[in-house]
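# Architecture at a glance
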Amino acid sequence: ATTALIGNMDRNVAAVIGRGYSLATQDFTASCLDISQQTEASSNYDITFSNIPNNADIAIPDSLANSMMANFILTKIENDRASSREIFRYAHHMTTLMTVERFFNSLNDASTHMIDSSLTLLARGDIISFFQVCGPGFVHSINRKSEIVAIFKYDSDLDESSLSVSQGLTDEIMGLETPSWNRTRPSGLTGSVASLQISIKAVGIEVNDSNQGTLIIQSLEGYQRAMDYGFESMRRSATGLADAMEIVPWTTFPEFVIAAGLDRSFEQEQCFDSSGSLVSCTDPTVNSSLMSRFPRQMQRMNLFANAEHIATLDTLVRRKFIDISRFSRCLGILHGFNNCQLGSDLLNHRNNNPTNVITARAAKEALTGYNQNDPIDRYEIGRRIRQTNYFVNGYYNRCLSKLTEDHMGIPSGTLVTTHWTELEECVDVICTMHGAVFDPVDNTCSVVSAFSNADTILESYCTPTIEYPRRTNVCKGDRMTASSILWPGQYICSPNGNRFGLNEEGTVLVTSSDGITLEILSNRTTATSYLKMEVEGSTKGLFVYESDEHLQLNDCAETDTSQSLWQLPFTEDISTEAIIMWQHGEVVVREQDLTKMNIYGGNYAIITIDGQDYEYFLHERRLTFMQHRSIAEDWGGDLVWLDNIGERNEYTNLFGSYDHFVGATKVNSTFWRWSNGVEWSSSDLAIWDSGQPSLNSNEDVIGMNLSRWNDISGESQKMAVYKRLKPS
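Described in the following lines is the structure provided in the data block. As the structure is a computational prediction, the values presented were derived from the model and not from experiment. Here the residue index of a chain counts from 1 through its sequence in written order. Per-residue local features of the predicted model are confined to residues with pLDDT of at least 70, and side-chain atom pairs are confined, for both listing and counting, to 80 or more; whole-chain, interface and lining totals are unaffected and use all residues. With hydrogens and water stripped out, all remaining heavy atoms of the structure feed into the side-chain values.

This paragraph deals with the sheet that holds strand β14 (residues 288-294). Only strands joined by at least two bridges in the DSSP assignment are considered to pair. In this text, helices come from DSSP runs of H or I with a minimum length of four residues, and strands from runs of E with a minimum of two, each type numbered from the N-terminal end. If you trace the three strands from one edge of the open sheet to the other, you get β13-β12-β14, paired in antiparallel fashion. A strand with exactly one partner marks an edge of an open sheet, and here the two such strands are β13 (278-279) and β14. For strand β12 (residues 266-272) and β13, the ladder comprises two bridges, and the chain directions are antiparallel. Looking at the pairing, Cys271 lines up with Val279 of β13.

What follows is the structure in structure tokens.
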């Protein structure tokens, strides 16, 4: 095992000399060293001056492009140029980049010792616990880097920068007494120096008790003071971002070698019979023997490789349990959402502009993952816990138990005499991969090739956060289902582009494809009246309330400020091209194409009778006969009456499969009355179900199911079909 150099480090990682580290997992562990002294690091100092041409494409030299400041420089120049163009001038830029690298500040091996608790683990032979706490190796030295960049920006009337101004700035920065721009001022540069702005950004220095800072300075004197302060800060031993680090395996640290017993010889007697075959040394046929020694270098190599394998398995198991914890927490939050929140979109924490959005309700259903066919765990979290237990008991525990077996008369000797790939309990390499699942029947691992929907939600949408819309004029399909929500600037759209929803001010309306308002629908209280209502603030949305099926303007808090919009099923002509429909639990915008309407559920139709068009609407909510009749009357019609034979046949074809009320009430044992007042005899009709009508005293209305009629109680709850003369 040799040392390793880790470069291009994550800036969010707190690298500390002496901390444990795994090369396999790139994870830090605890520090198991008592470090009293560190060696002084050597330093490299560099400062570069650059002039950035005012070209169409921003081109910066390699020294800037390879710095930690590259994004800041490019963004600053781009923003400056845009601001200057607004006042019809040109922005010109120069930069200075000061860099200090501190090469491998390291611990002093002669004065560094292992802490007592780590030595105690080794003394009792618990090497696996030592590696789990202290890592397979440790950080021996760190390379740190600090940078300060200054951007000089001035405006002029010319699109090309002035060599004299650029040289003058360079001379002033380098300490020359007379700036060259005072000697000659070219035409077109009037006011250039007066417009000079200096921006400074530092990384890896102590500015305002943080690791980075930005300063706006208006003079070269201020620039010089800032650079002097930055340089002094850079010289401090603990200053700078970790840029690279040297990792040393414990198997090369002398104190560990002694404490772990790696300084002793691993010997084993081998016995042979007269034919030279290897036999047990207790076998009576033993003819000769010899002592074999296990090479010390192989001991250290095996121990380091096995330590990294243990670190890999620990990381896998830890991630599995963390995922279960995150899964449970995320699902718990979703279960606490109210109906309005469940209908809202969730914020994607990994993508600011996702191509697909997901509602809280869809996330809840995916994470719940109910599967009635699973004989053990019907819910996703139970299945994940079971899979984790399979992996821990079937692979993790078996492999670690085998690695700690005694060998060659040494406690836990297998760790130093055998590489993990030589052990049957550990050799399945698939088990070391992220996402591996263990099959307890075959005792093998496999890797799921793609994330499940639940995994995607866990990674992108947990912790669940409601996303209020940042994009306006968005079509969210052609319907709102129960408990869904539209925020200001969001609409549901018909195929021809007509839209129903809220404008950016929160007014509920219908607009044409070219944005012309067709109807204002806010605070709709009946099927025919409209009252305009402006919504305070932009955080209120249009919500389909699930419990009593009405629309609300709601802020997802279910407070008393929620404004009810309408509670009646309706079909309303909005224009000659579009229809808005309030169906069971959903609002739909459709073109005025009844064939398409029938395709989308068959719950609206027009039948022509004697030259007049009648509308038929199936209300799918299950209510009593009189509750339905009251709604139908408010709609401008009544429960369906069928006193025309041709109409009755066409109606049965359209609505016969639904279990619903029709508009007939019992007069006596012989006669019935349609909702339009026409009376008829039971014998006039031939579509009664077998044995019907039963004429029980409480069965005073008619229901249809599977195209057959039955007398039933008006207090039962069913769907119903409403009918009215189509408005002209």
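Right, picking up where we left off after that structure.
Once that is clear, we can look at the state of the cysteines. Pairs of cysteine sulfur atoms within 2.5 Å are identified as disulfides in what follows. Applying the stated criterion across every chain yields a total of six disulfides. Shown here is the disulfide that connects Cys399 with Cys426, its sulfur atoms set 2.1 Å apart. In this structure, the disulfide formed by Cys399 and Cys426 twists by about 115° around the S-S bond and is classed as right-handed. With a gap of 27 residues between them, Cys399 in helix α11 (residues 380-403) and Cys426 in the loop between α12 (414-417) and β15 (436-439) connect regions that are remote in the sequence. Cys399 gets classed as buried once you look at its relative accessible area, which sits at 0%. Put simply, Cys475 and Cys493 are joined by a disulfide, and their sulfur atoms are 1.9 Å apart. Around the S-S axis, the bridge from Cys475 to Cys493 shows a dihedral of about -80° and counts as left-handed. Partly exposed describes any residue whose relative accessible area lies between the buried limit of under 20% and the exposed limit of over 50%, with all areas from a 1.4 Å probe on protein chains only and scaled to the type maximum.

Looking now at the sheet that holds strand β17 (residues 474-475). Hydrogen bonds along the backbone pair up the strands of a sheet, which may run parallel or antiparallel. Spatially, the five strands line up as an open sheet ordered β17-β20-β21-β22-β23, and their pairing is mixed. Edge positions in the sheet fall to β17 and β23 (517-520), since each of these pairs with one other strand and no more. Strand direction decides the pairing type here: β17 and strand β20 (residues 490-493), joined by two bridges, are parallel. Looking at the pairing, Cys475 lines up with Tyr491 of β20.

Convention adopted: a line fitted to C-alpha atoms gives each axis, helices being fitted over their contacting stretch, and angles between N-to-C directions are expressed from 0 to 180 degrees. Put simply, helix α3 (residues 116-123) and helix α4 (residues 127-134) touch, their axes get as near as 7 Å, and they point 150° apart. One way to sum up the angle between α3 and α4 is to call them roughly antiparallel. Every pair of crossing elements has a handedness; the one defined by α3 and α4 is left-handed. Of α4, the residues touching α3 (which contributes Ser118, Leu121 and Leu122) are Ile127, Ser129, Phe130 and Cys134. Residues are grouped as follows: Ala, Val, Leu, Ile, Met, Phe, Trp, Tyr, Cys and Pro are nonpolar; Asp, Glu, Lys and Arg are charged; every other residue, Gly included, is polar. Of the residues in the contact of α3 with α4, the class split is five nonpolar, two polar and no charged. To sort the angles, those under 35 degrees are grouped as roughly parallel, those over 145 as roughly antiparallel, those from 65 to 115 as roughly perpendicular, and the leftovers as oblique. Take the far helix as the reference: if the near one is turned anticlockwise from it by less than a right angle, the crossing is left-handed, and if turned clockwise, right-handed. Contacts are assigned to residue pairs with any non-hydrogen atoms lying within 4.5 Å of each other.

Once that is clear, we can look at the packing of aromatic side chains. Each Phe, Tyr or Trp ring (for Trp, its six-membered ring) is paired with any other whose centre lies within 6.5 Å, and the angle between the two planes then decides the class: stacked below 30 degrees, edge-to-face above 60, tilted in between. Counted under the stated rule, the structure contains 22 aromatic pairs. Considering the side-chain rings of Phe130 and Phe131, the 5.6 Å spacing of their centres and the 70° angle between planes classify their relative orientation as edge-to-face. Classification of Phe130 by relative accessible area gives buried; the value is 0%. Through a chain of ring-to-ring contacts, three or more aromatic side chains come together here, namely Phe130, Phe131, Phe138, Trp250, Phe253 and Phe256. By definition here, charges over rings are those cases where NZ of Lys or CZ of Arg is within 6 Å of the ring centre and within 35 degrees of the ring normal. When the ring centre of Tyr491 is taken as origin, the NZ or CZ atom of Arg499, which lies over that ring, is 4.1 Å away.

Geometrically, a packed helix pair is captured by the angle between its two axes and the distance between the axes. Interhelical geometry of helix α8 (residues 296-335) versus helix α13 (residues 453-461) gives an angle of 80° and a closest axis separation of 11 Å. Compared by their axis directions, α8 and α13 come out roughly perpendicular. On α13, the residues touching Asp323, Arg326 and Phe327 of α8 are Ala454, Leu458 and Glu459. Taken together, the residues that form the contact of α8 with α13 break down as three nonpolar, no polar and three charged.

A few words on the layout of surface pockets. Over the atoms, a rolling probe the size of a water molecule traces out where space has been left empty. Lining residues are those with an atom within 4 Å of a point, where the points come from a 1 Å grid over the protein atoms alone and group into cavities, where a 1.4 Å probe fits but cannot get out, or pockets, open sets with protein on both sides within 12 Å along at least five of seven lines. Grid points are joined across faces, edges and corners, and a volume is the space filled by probe spheres set on the points. Within this model, the second largest pocket holds a volume of roughly 250 Å³. For the second largest pocket, the lining is made up of 15 residues, of which Lys476, Arg479, Met480, Thr481 and Ser484 are closest to its centre. Contributions of two or more residues to the lining of the second largest pocket are made by β18 (479-480) and β19 (485-486). Residue composition of the lining of the second largest pocket, by class: five nonpolar, six polar and four charged.

With that out of the way, let us pick up the pairing of β15. The alternating pattern of β15 places Ala436 and Phe438 on a buried face, while none of Val437 and Asp439, on the opposite face, is buried. With four bridges joining them, β15 and strand β16 (residues 444-447) adopt antiparallel strand pairing. Paired with Val437 across the two strands is Ser446, which belongs to β16. Two successive antiparallel strands, β15 and β16, enclose a turn made up of four residues, where Asn443 displays a positive phi of approximately 55°.

Let's shift gears to the side chain of Arg499. Note on placement: Arg499 falls in strand β21 (residues 499-502). Sequence-distant contacts of Arg499, defined by excluding residues within four places in its chain, comprise Asn473, Cys475, Tyr491, Ile492, Cys493, Leu509, Val510, Thr511, Ser512 and Gly515.

When helix α16 (residues 645-655) is considered as a whole, its buried residues turn out to be Glu647, Arg648, Tyr651, Thr652 and Phe655. End-on view of α16: buried residues confined to an arc of 135°, all on one side of the axis. Exposed and facing more than 90 degrees away from the buried side of α16 are Ile645 and Asn653. Whenever a nitrogen or oxygen atom comes within 3.5 Å of another N or O atom, the pair is scored as a polar contact, on the condition that within protein one atom can donate a hydrogen and the other can accept it, and that pairs from neighbouring residues in sequence are kept only if both atoms are in side chains. Sitting at the head of α16, Asn644 places a side-chain oxygen 3.0 Å from the backbone nitrogen of Gly646. Working definition: the arc comes from the directions between the helix axis and the C-beta atoms, pointing outward to the latter.

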